[in-house]
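The lines below spell out each chain.
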Amino acid sequence: MFNTNTITRFQELETPFYYYDLDVLRRTLAACKEASSKYGFHVHYAMKANFNPKVLDMIQSFGFGADCVSGNEVKAAIEHGFGKENVVFAGVGKSDKEINLALDADIFCFNAESVQELFIINDLAKAKNKTAKIAIRINPNVDAHTHHYITTGLEENKFGINTFQLNDVAETLRKCANLQFLGIHFHIGSQITDMEVYKSLCLRINEIQDWFEDHGFAVKVLNTGGGLGVDYHHPDTNGVSEFENYFKVFHDFLKVKPGQEVHFELGRALVAQSASLISRVLYVKNGIKKNFLILDAGMTELIRPMLYQAFHLIQNLSRSEAKSQDLKYDVVGPICESTDCFQKDVDLPESFRGDLIAVRTAGAYGEVMASGYNLRDRVGSIYSE
Ligand SMILES: *Cc1c(COP(=O)(O)O)cnc(C)c1O
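Reading guide: rules and limits
- Residues numbered from 1 in each chain as written.
- Predicted model: local features only at pLDDT ≥ 70, side-chain atom pairs only at ≥ 80, totals over all residues.
- Heavy atoms only, no water.
- 1 Å grid on protein atoms, 1.4 Å probe; cavity = no way out; pocket = protein on both sides within 12 Å on 5 of 7 lines; lining within 4 Å.
- Points joined across faces, edges and corners; volume = space filled by probe spheres on them.
- Helix = DSSP H or I, 4+ residues; strand = E, 2+ residues; numbered from the N terminus.
- Nonpolar A, V, L, I, M, F, W, Y, C, P; charged D, E, K, R; others polar.
- Near = heavy atom within 4 Å.
- Polar contact = N/O pair within 3.5 Å; in protein donor to acceptor, adjacent residues only side chain to side chain.
- Areas by Shrake-Rupley, 256 points an atom, 1.4 Å probe, with all protein chains shown as cover.
- Buried < 20%, exposed > 50% of the residue type's maximum accessible area, 1.4 Å probe, protein only.
- Contact = heavy atoms within 4.5 Å.
- Salt bridge = Lys/Arg side-chain N within 4 Å of Asp/Glu carboxyl O.
- Axes fitted to C-alpha atoms, helices over the stretch in contact; angles between N-to-C directions.
- Parallel < 35°, antiparallel > 145°, perpendicular 65-115°, else oblique.
- Arc of directions from axis to C-beta.
- Left-handed = near helix turned anticlockwise from the far one by under 90°.

K.L.:
Looking at this structure, I do not really get empty space enclosed by the protein. What am I missing?
P.N.:
A probe as big as a water molecule, rolled over the atoms, marks out the empty space that is left. The full count for this structure, using the stated rule, is one cavity of 30 Å³ or more. One number sums up the size of the largest cavity: a volume of about 40 Å³. Around the largest cavity, the lining comprises 13 residues; the ones closest to its centre are Thr28, Gly239, Ala269, Leu270 and Gln273. Among the secondary structure elements, those contributing two or more residues to the lining of the largest cavity are α2 (22–37) and α10 (268–271). Across the lining of the largest cavity, the residue classes tally to eight nonpolar, five polar and no charged.

K.L.:
Sorry, what's going on with the site of the ligand here?
P.N.:
Looking at the ligand, there are 14 residues lining it, with Lys48, Ser190, Glu265, Arg268 and Tyr365 nearest. The separation between an oxygen atom of the ligand and a polar side-chain atom of Ser190 is 2.3 Å. Within the backbone of Arg268, one N or O atom sits 2.8 Å away from an oxygen atom of the ligand. Alone, the ligand offers 390 Å² of accessible surface; in the complex the protein occludes 94% of this. Class assignment of the residues belonging to the shell around the ligand gives a composition of three nonpolar, six polar and five charged.

K.L.:
When you look at the side chain of Asn178 in this model, what are you seeing that I'm missing?
P.N.:
Topologically, Asn178 is positioned in the loop between α7 (166–175) and β8 (179–185). Exposure remark for Asn178: the relative accessible area of 13% places this residue in the buried category. Each residue touching Asn178, except ones within four places of it in the same chain, is listed here: Asn122, Ala125, Lys126, Lys130, Thr131 and Ala132.

K.L.:
It is not clear to me how the pattern of salt bridges should be interpreted in this structure. Could you clarify?
P.N.:
Side chains that differ in sign of charge can pair as their charged atoms come close. Going through the model one piece at a time under the given rule, you end up with 18 salt bridges. Of the charged contacts, one joins Lys255 and Asp210 as a salt bridge, the two residues approaching to 3.2 Å between their closest N and O atoms. Note that Lys255 is positioned in the loop between α9 (243–253) and β10 (261–266) and Asp210 in helix α8 (residues 195–214), a separation of 45 residues in sequence. What makes Lys255 partly exposed here is its relative accessible area of 41%. The closest approach of N and O atoms between Lys257 and Asp210, which form a salt bridge, is 3.4 Å. Of this pair, Lys257 sits in the loop between α9 and β10 while Asp210 sits in helix α8, placing them 47 residues apart in sequence. Under the relative-accessibility criterion, Lys257 is labelled partly exposed at 27%. Sharing partners across several salt bridges, the network here consists of Asp23, Arg26, Arg27 and Glu385.

K.L.:
How do you make sense of the packing of helix α6 (residues 115–127) against α7 when you look at a structure like this?
P.N.:
Each pair of packed helices can be described by the angle between their axes along with the distance between the axes. α7 packs onto α6 with a crossing angle of 10° between their chain directions and a minimal axis gap of 10 Å. The orientation of α6 relative to α7 falls into the category roughly parallel. Taken together, the residues of α7 that come into contact with α6 (itself represented by Val115, Leu118 and Phe119) are Asp168, Val169, Thr172, Leu173 and Lys175. Looking at the contact of α6 with α7, its residues break down into five nonpolar, one polar and two charged.

K.L.:
I keep staring at helix α1 (residues 4–11) and nothing clicks. Help me out?
P.N.:
Each α-helix turn comprises 3.6 residues. Residues three or four places apart therefore point the same way. Buried within α1 we find Thr6, Ile7 and Phe10. Viewed end-on, α1 has its buried residues packed into an arc of 95°, placing them on one side of the element. In this structure, α1 carries Thr4 and Asn5 as exposed residues pointing more than 90 degrees from its buried face. Tucked into the core, α1 has its buried residues touching β1 (17–20), β11 (275–286), β16 (356–359) and β17 (380–383).

K.L.:
What should I look at first to understand the packing of α2 against α9 in this one?
P.N.:
At their nearest, the axes of α2 and α9 sit 9 Å apart, and the two run at 25° to each other. For the element pair α2 / α9, the angle class is roughly parallel. Two packed elements cross with a definite hand, and for α2 against α9 that hand is right-handed. Taken together, the residues of α9 that come into contact with α2 (itself represented by Thr28, Ala31, Cys32, Ala35 and Ser36) are Phe243, Glu244 and Phe247. Of the residues contributing to the contact of α2 with α9, the split by class is five nonpolar, two polar and one charged.

K.L.:
What is the right way to look at the layout of surface pockets in this model?
P.N.:
Taken as a whole, the second largest pocket spans an internal volume of roughly 300 Å³. Those elements giving two or more residues to the lining of the second largest pocket turn out to be β13 (314–316) and β15 (341–348). It is β13 that contributes the most residues to the lining of the second largest pocket, three residues altogether. Of the residues belonging to the lining of the second largest pocket, the class tally is nine nonpolar, five polar and four charged.

Quick look at the structure:
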């Protein structure tokens, strides 16, 4: 990701910023496209992972659809050329304004997350004399074996409709003349690397789609959600997610009926490896038991380590020639919060004020979660081309 020219270019620039390697992005998208097309699967990009305009344009150019979780994301998807027939709108708390916007845009499908939401979408669609296409987000109660902060498919989570409520759902769908049932939707969590989890999901989906068919509802779309993980420890040697294995699990275990479409909503796996957060060391502070590298970037630029205890590989780009990485530093940000720490006890070469530091695999849930806390400048972005 960083050759000498790139690092020389960084030296001229004000930090911090996100650096996007568009070649990495292109290769990742191509790998996903190839692996999914083999089985005729449709992939919608989960836009909340990264809505940087250049990133969106490139993803759109590969023919992926868009999975949106707000009205503004629906709007952005359409502005960036994602066809309305390829836009889905998910989210546990869609406001009336957002639902109306999506109805006006004639999107492909709403992923509805509660019985009450079904009634509201029906009322709003009726007022516009429209029919809203609906997939029901179901909570399959499958444990994603990922960090509990990013697990979404258990009955204790706020997302989706639990299976014991399915009779209510069926009754509601029969009552609501302005809803058209399309299919069922699942999303059980993020950063999932254990393929067994997806096998369990497939088996649950098979049971649940049978339930719908048995109750008189034709299931046209099976939307399995997203969640495929990336390798945060080895971004250079293992930079592309296991798309082949991932789609093969669904091919092998999902019972797909004639005419059914299988949809996926990948976010992280498509974009995470394409960006790094580039920052400079402001101060090196020697403590009694440990040394600190104080960076000019913190939780206002990349909050994942602080919010989810997430790991990101940290590299000193100015000392890449150094023979040993034999010092340990707590790498911290400048924000007035003790939690503003990227990682403790990082092995690094001896580091100095002004050194360029890369925080890797920051393309997903990075720039999009930047905040203005402490009235910081909004983090910028630069591109490899
Ligand atoms: C966030 C989200 C995704 C994408 O998750 P990743 O782990 O980034 O692949 C997919 N579907 C829904 C409904 C989501 O909320």
